[in-house]
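Fold and contact review
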Amino acid sequence: MSPAVVYLVAGVGLLLGAFLPRLLHERAISAPIVVVGVGLVVGWFVPNELRAAPAFHESLAAHVTEIAVLIALMGVGLAIDRPLMWRSWRTWGKTWRLLLIAMPLCIAGVALLGWWVMGLAPAAAMLLGACLAPTDPVLASDVQVAGPSVSGQEGEPDDEDDEVRFALTSEAGLNDALAFPFVWFAIFLATKGPVGEWVWHWLAWELVGKIVVGALVGWACGWAFGKLVFRAHWDSLRLADVGEPLLGIALICTTYGLTELAHGYGFLAVFVCALALRAAERGHEYHGRLHLAIEHLEAILTLLILMLLGVSLSSGQLAGLTWPGVIVAAALVFVVRPLAGWLSLWRTSTLDSRERWTTAVFGVRGIGTIYYLGFATSEHTWDDERTLWATATFAILLSVVVHGMAATPVMHHLEERRERMRARWEARSGRRKERGGQRRAQAQQRAER
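Bear in mind that the values here come from a model prediction, so they are computed numbers and not experimental data. (Residues numbered from 1 in each chain as written. Predicted model: local features only at pLDDT ≥ 70, side-chain atom pairs only at ≥ 80, totals over all residues. Heavy atoms only, no water.)

So, the side chain of Thr393
Looking at the secondary structure, you find Thr393 in helix H16 (residues 385-448). With a relative accessible area of 3%, Thr393 lands in the buried category. Here the side chain of Thr393 touches Gln317 through a polar contact of 2.8 Å, side chain to side chain. Once you skip the residues sitting within four places of it in the chain, Thr393 turns out to touch Leu309, Leu313, Gln317 and Leu318. (Helix = DSSP H or I, 4+ residues; strand = E, 2+ residues; numbered from the N terminus. Buried < 20%, exposed > 50% of the residue type's maximum accessible area, 1.4 Å probe, protein only. Polar contact = N/O pair within 3.5 Å; in protein donor to acceptor, adjacent residues only side chain to side chain. Contact = heavy atoms within 4.5 Å.)

Structure, rendered in structure tokens:
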């Protein structure tokens, strides 16, 4: 392929990234669907030796998607304005339910279907469940909070009051890290022999220890850098005053590197670091500048990965897909996740029935799945590797199409319904105040007589 063609493809891709979000705003088709389709078309003109199918390049797929997820996690953490402290623990109640109930149910459901319907070995079925369990912080922007603006105010005034958007955003920020213990469980199941020989180590370290390390390192980094950039005694160190946008990238690399050296979960650390940085000076406009820089970089990487995913479809990425795999992927999107999410949010007073179902259904699968599968297949050779890749890819494509087409109209419907309910409540409140004023006036008149 000539360099001119490479530049042409890159230019077309970047133009799509610049124009598509605006052209498709409030449309029933999302930019990721179009980008994957363009990648598929481009793939037919790319020589076979240059086509990039994750199934054939596990390590490359893992590294590229790792960077994209890290950048997305920093952006999601900066977007959330709700504090994560002991006194506000209950305001995150829906998040904990989705993480501690819905995600394990999704893992168990997909693993069981993988073993029973697809005939996978127990370890491979567990890996499929773990890789498909996390919702995606990269592709779920249509159902997430908008984040801070450069003026220091929220992008959408009601974002933090929108319990659906907050639940989906916070879930996507945390479960990309919390799926890792189950990926390790699958790897151990395939490599370490009988479960009784290693399960206690897995429980103590992979499930608990690494999560604690990641949370502590992430919070320490966010707290320290927050003190430095917002309240340093030397003017030259207060980067918030000059709006330096590179701090976000520096924080991602520093926090992730320190956490991985400490053998904790780096994804969790980066998200917690962003939360801590936001908490350091919650209303400062610098958060908007950081978020904007992260958002632009995330958009470019997302565009690249989605185009490569589209290209991979023309190079055998779905060659290992079987009808049982199609059934399992469809069951995840249409049955397993919606039911698991609804059960986890049952009896949640802050969500009505429609909001509960919306939160349950919109568990977008995406780039995090590619990372986990690339990581696991580079750690161990799996007999059903091609089938795992094909099934996971089909699940991502199905999620991109279904959730991408439904997100805008469904979220608009909820917002309009919320506005109508708020207007009714304000009207009733106004009538009550008016009646109260009339009663007081009548009482005063009677007293004067």
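From this point on, the discussion continues.
Points about the packing of helix H8 (residues 199-231) against helix H10 (residues 247-261)
Packing of H8 against H10 leaves a shortest axis separation of 10 Å and a crossing angle of 145 degrees. Crossing hand, H8 versus H10: right-handed. The residues of H10 that touch H8, namely those facing Gly214, Val217, Gly218, Cys221, Phe225 and Val229, are Leu247, Leu251, Thr255, Leu258 and Thr259. Across the contact of H8 with H10, the residue classes break down as 7 nonpolar, 4 polar and no charged. (Axes fitted to C-alpha atoms, helices over the stretch in contact; angles between N-to-C directions. Left-handed = near helix turned anticlockwise from the far one by under 90°. Nonpolar A, V, L, I, M, F, W, Y, C, P; charged D, E, K, R; others polar.)

Section: the confidence of the model for the protein
When pLDDT is averaged across the protein, the result is 84; 84% of the residues are at 70 or more. Segment residues 152-158: pLDDT under 50, and 18 contacts once partners within four positions in sequence are set aside and those in other chains are kept. (pLDDT = per-residue confidence, 0-100.)

Digging into the environment of Leu105
With respect to the helices and strands, Leu105 occurs in helix H4 (residues 93-116). With sequence-adjacent residues up to four places away left out, Leu105 is seen in contact with Val336 and Ala340.

Let's talk about unusual backbone geometry
The phi torsion at His263 lies on the positive side, around 65 degrees, for a residue other than glycine. Looking at the element boundaries, His263 is found in the loop between H10 and helix H11 (266-280). On the basis of relative accessibility, which here comes to 51%, the residue His263 falls in the exposed class.

Section: helix H3 (residues 58-79)
Over its 22 residues, H3 runs 31 Å from end to end, which matches the ideal 32 Å to within 8%, given 1.5 Å per residue. The element H3 is extensively covered by neighbouring structure, given that 17 of its 22 residues are classed as buried. (Expected span 1.5 Å × (residues − 1).)

Some details on the packing of aromatic side chains
Counted according to the given criterion, the structure contains 21 aromatic pairs. Taken together, a centroid distance of 5.0 Å and an interplanar angle of 85 degrees make the contact between Trp92 and Phe166 edge-to-face. Of this pair, Trp92 sits in the loop between H3 and H4 while Phe166 is found in helix H6 (residues 163-178), placing the two residues 74 residues apart along the sequence. Judged by relative accessible area, which is 1%, Phe166 ranks as buried. The ring of Trp346 carries Arg347 above its face, with NZ or CZ at 4.8 Å from the centroid. (Phe/Tyr/Trp six-rings, centres within 6.5 Å; stacked < 30°, edge-to-face > 60°. Lys NZ or Arg CZ within 6 Å of the ring centre and 35° of its normal.)

As for the nonpolar core
Met74, Leu127, Val183, Phe267 and Trp382 are the most contacted members of the largest nonpolar core, which has 117 residues in total. Non-local contacts of Val183, meaning those with residues more than four positions away in its chain, are made with Leu127, Ala130, Tyr372, Phe375 and Ala376. (Core = buried A, V, L, I, M, F, W, Y, C linked by side-chain atoms within 4.5 Å.)

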